[in-house]
Structures are given as C-alpha cells and as structure tokens.
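Breakdown of the fold
Residue-level listing of the chains:
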Amino acid sequence: KYKTYSAIQKKMKEVIANTAKDGWCVFTGWDVELVPDLPELSADYLDTTFSAEVKILVATQTGNSAFANRAALSSSHISADTPDPPGGTYVRDKDGNLTGQLLEEPAIFEVLRHTPLPSIKNIMDAIRVVLKEFTKAGLTTVTEMALSVSKTGSEHAHASGLPLQKLVSRDLDVVLHGIQDEILRLPVRLAYYTIAETGAGRSEREKIVPPPKTGNKRIWRAGYKSFADGTTHDGTAAIKMPYLHSGLTEKLSFPLNPNYGKLNWTCDELLQQVKPYHDAGWQVAIHAQGDRAIDQVLQVYEALGGKNRRHRIEHMGLASEDQLAKCALLNASPSMFVSQLYYYGKIFSKDFLGKDYTDNWSPVDFAFKYGCNVSLHQGTPYFPGPPQPLASMKTAVTRTHKDDGTTVYGPKHRISVHQAIQAYTTGPAWQLFRENELGRLKVGFNADLVILSANPYLVDPMKLDDPNTIRVVETYIDGHCNRISM
C-alpha cells in the first residue's frame, strides 16, 4: 500500500499526531528490501524524526526484529544494563549503548507486552478483517504460528502473528468462552500454536496439560512453537556458509562479517524447552530457516522420539536433501516458505546468500521425493505480500521472481501443479491431524471448498498469479457459502 518512505513517513506522523503523549504507536511491515528508500532505523532516529514522547515500536516485515524509541524502551524497563532475554537480543553499539533494535520474539515481546490491552470487541473486529483477507484468497483453514503467553499469564499475539496481529489479548480461554457464537460465523477455521516458554520463564499458571480429546472444530490450539534461529532478512538465520556483505546488509544492520547467523539456543536448551510439551502429548513446531538450525531441530526431534506426534519444522529455507530424508525418517513435518523467492529471489542471490544457496532455497521436491507430508505457507497475511496461495503455488512450480519470469532459481527443485495443490490441501490437513476431515472432496469430510474461475491444472503455471487468468470465485465452510463477492 505504501511504496515510498515519504508515504510511510507521512502516515506514521499522522498516527503519532493523533496519539496521546503518553500513548503507544505500534507499526508493522517495515521492509527495506521492497521499499529501498527506507532509512536505517534506531532509537535516536525514531526520537528525532517522529517523537521522543509517544512510545513507538516498528516491527519489520518478518516480525523477527523491531525498533523501539527511547520512550518505549524506558517504559518497558529496558536499559543498557538489562540482560538479553533468553533467545532474544537488545542490540547495543560498540560502546554498549542500546541502539533500539530488538532481535527475535523474546526481546520484541518485552516491549510489546507493555502496550495497552484491547477489548474483546476490538480483538474480534481485527480477526474479522484479517480472516476476510484469507477467505478472499481462497483459504478455508489457516494456522497462527505465533501466539505468546506473557509472564503475567495473558495471551499475546506476536508482532508478526496472523489473526491477532498487533494485539495484546486477554486470557484466550476467557475470550473464546465469550465468543462461541462468533466463532461459528468465522469464514475460515483457525488453528493456533502457542509459543513455548523456557523452563525458567514458564509461569506457574501455565500448567502443561494434555491436548483435549475433543474440542472446537473452528478454532483450536494445535501445539506449541519455538524458534531455533532468526531470519535471512536480518542475517540471523543460522547457516553453514557465511552471508554476503553488501550495501543492503549494512543498511539492515546485519552482524559483522564473517556472519553465519545465530542459533538461539544450544541443542540441550532447545530440547529442554520443548520436551515438557512433547511429554504432555502436544505437537511441537520449531522455526528453522538456516541449515545449521535445521540440523539442530532434527537432533532435538530424534531425541524426543514419538513419531506419531508429527512435530513440525517451520520454513526450512536452506534444507538439504539429507535433512528432508531425515524428516521423513522421523515422521517430522516440513512447512516450507518457497514464496520468499517470489518477492526476494533477486535480493537473496545478489545481496544476502549468493547463487548456490538461493538456487537451493526451499527444495520442496525433496520433501515429496522422501514421502514427507509437506505444506507451503506465507509468514503472515502480508509477508511477503497479501495471502496469495496461487502465487505461492506458482513459485513452487516455476521457482521464479514475480517480476522476472526468465530467471529460474534452482530449476531441479520445481514441482508439479498437482504437488503444489497437495501442499495446500492434504499436506497441511495431515500436519493438523485433520486428514480425515479436511483437505479432500470426499464423502464424510467437512464440506470446505474453494471455487476457482479456471482449472489450475490447465492454466499456464506462469500465470497462476494472474487474476485475469485464474481467481477465487467463492469459498464454502461446512457447506455454507461465504459470499466473498458481497
């Protein structure tokens, strides 16, 4: 929506001007890669350009990093002497002073949890807006991978989360109890994963109980999530070959070269973090972008055992053939982020990762080769871009950038249209333990379906993202038409 810094700056200043001096402003979607004239942010820049009084937090498009002004840091009781939270970083300059940059969810949450609590009505209004976007994109079930539990026991949506984006909610059980009728009217099903806390940080309130044997079929907790590494967009995904050094990596404040990214935990720490959830019977999902992080997660899952749990690995951007073969052996479940190539293939190759790593980004073909039940995803409704499952399928089939149909990033990793459709239907249904209810048009299954204007098997794969060629006409859930055109 905002394609230049001048437009973004104008909007931010309008919002801040209408905020009380002791109030909060939280912005999401800061993306220097897609909007190249954006400046390098810092606490000082936010103070001088926008406000030193209003508390400001700006989350990047990935949600793995954010920038806070000094009022926000102070209000969150974060100073140069504050130790980094486990799994997160308060970035400091060479003199030990806070720059305002926050890396990873634990650090971002220490600021975000001090923002005001919205009402249940505001929560439901936000859910409706975002889920409407999913419905228009043709989705009937979506998954929120970043719901957090605060140290005070309230539920919180991560800055990069899906339906509760930018919201700090009340206790989720209380919210759900009050909106049972609303839930039945939601146009999609919503599964969510709560972020796993560390052993030291796990609250007494959060007693880990086994999954319920029965539950709500429209919205349910599917499991718990942790983060093994960061993201390629901040230079924090843990990789085996170093990141490139470029003007863009400098502007994005990548760690100094040689930079191999960072593992958020030791292998034993990660194991101890997720083991209580595994032992209680829950599915575990772990974010792992880099090949070093994927190795670590596979070690953890091998130590846990329990192949029937279908533990997930989120993103698997730089997965190798051997790693996906081991996923199949462990019955682990990969969810792959191939659509990064659609938006960032050129930048990955030129500025971040180099040609070899980029050509091997999200090798979905290996997942099918070894019999994994794989899904494709985007990070949020708006990262990268709005929800576009057809564009994501196109990327998996063609491995091309949205603005360049001639450069193919790793042609050997292209998959068929049928496989791409499986990765949006039967694969994710299996990952959510709903393979006997969802993902197929079959007698006895839920009547959830999408109507398209053309047959995706017959459309030129290069035009799968072209609404003039193929588009969503309607969706149904439990046999009820969502009337998306109204």
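These remarks concern the structure in this document.

With that out of the way, let us pick up the nonpolar core. Membership of the largest hydrophobic core comes to 101 residues, with the highest contact counts inside it found for W30, Y301 and L353. In this structure W30 touches Y5, I8, M12, L38, P39, L41, V58, A59, T60 and Q61, once residues within four positions along its chain are discounted. Grouped together as the second largest cluster of nonpolar side chains are 15 residues, A72, Y90, A107 and L112 included.

So, on to the packing of helix α10 (residues 291–304) against helix α11 (residues 321–330). The geometry of a pair of packed helices is captured by two quantities: the angle between their axes and the separation between those axes. Following both chains from N to C, one finds α10 and α11 inclined at 20°, their axes separated by 11 Å at the closest point. Judged on the interaxial angle alone, α11 and α10 are roughly parallel. With respect to the hand of their crossing, α10 and α11 are arranged in left-handed fashion. Here D291, I294, D295, L298, Y301 and E302 of α10 come into contact with α11, specifically with Q323, K326, C327 and L330.

Right, let's talk about the sheet that holds strand β4 (residues 89–92) for a bit. One open sheet holds the five strands; their spatial order is β1-β2-β3-β5-β4, and the pairing between them is mixed. Each having just a single partner strand, β1 (24–30) and β4 make up the two edges of the open sheet. Averaged over all neighbouring strand pairs, the angle between strand axes comes to 25°, with direction disregarded. Here β1 runs beside strand β2 (residues 55–60); their pairing, made up of five bridges, is parallel. Within β2, the residue paired with W30 across the bridge is T60. This element, helix α1 (residues 5–17), spans β1 and β2 of the sheet and lies at about 160° to β1. Sheet strands touched by helix α4 (residues 105–112): β1, β2, β3 (65–68), β4 and β5 (98–103). Its angle to β5, the strand with the most contacts, is close to 115°.

This part is about the sheet that holds strand β17 (residues 472–477). Overall, antiparallel pairing links the three strands, which are arranged β16-β17-β18 in an open sheet. The open sheet is flanked by β16 (449–452) and β18 (480–481), the only strands paired with a single partner.

Attention now moves to the side chain of H311. Examined against the element boundaries, H311 turns out to sit in the loop between α10 and β11 (312–315). Within the local environment of H311, its side chain forms a polar contact with the side chain of H278, the two groups lying 2.8 Å apart. From its side chain, H311 meets the backbone nitrogen of V284 in a polar contact 2.9 Å long. Residues in contact with H311, not counting those within four places in the same chain, are H278, W282, Q283, V284, Y301, L304, N331, A332 and S333.

Our next topic: the packing of helix α9 (residues 267–279) against α10. In the contact formed by α9 and α10, the axes pass within 10 Å of each other and the chain directions differ by 45°. Judged by the inter-axis angle, α9 sits oblique to α10. Regarding α9 and α10, the two cross each other, and that crossing is right-handed. Of α10, the residues touching α9 (which contributes C267, L270, L271, V274, K275 and H278) are Q296, V297, Q299, V300, A303 and L304. Taken together, the residues that form the contact of α9 with α10 break down as eight nonpolar, three polar and one charged.

About the thresholds
Residues numbered from 1 in each chain as written. Predicted model: local features only at pLDDT ≥ 70, side-chain atom pairs only at ≥ 80, totals over all residues. Heavy atoms only, no water. Core = buried A, V, L, I, M, F, W, Y, C linked by side-chain atoms within 4.5 Å. Buried < 20%, exposed > 50% of the residue type's maximum accessible area, 1.4 Å probe, protein only. Contact = heavy atoms within 4.5 Å. Axes fitted to C-alpha atoms, helices over the stretch in contact; angles between N-to-C directions. Helix = DSSP H or I, 4+ residues; strand = E, 2+ residues; numbered from the N terminus. Parallel < 35°, antiparallel > 145°, perpendicular 65-115°, else oblique. Left-handed = near helix turned anticlockwise from the far one by under 90°. Pairing = 2+ DSSP bridges. Polar contact = N/O pair within 3.5 Å; in protein donor to acceptor, adjacent residues only side chain to side chain. Nonpolar A, V, L, I, M, F, W, Y, C, P; charged D, E, K, R; others polar.

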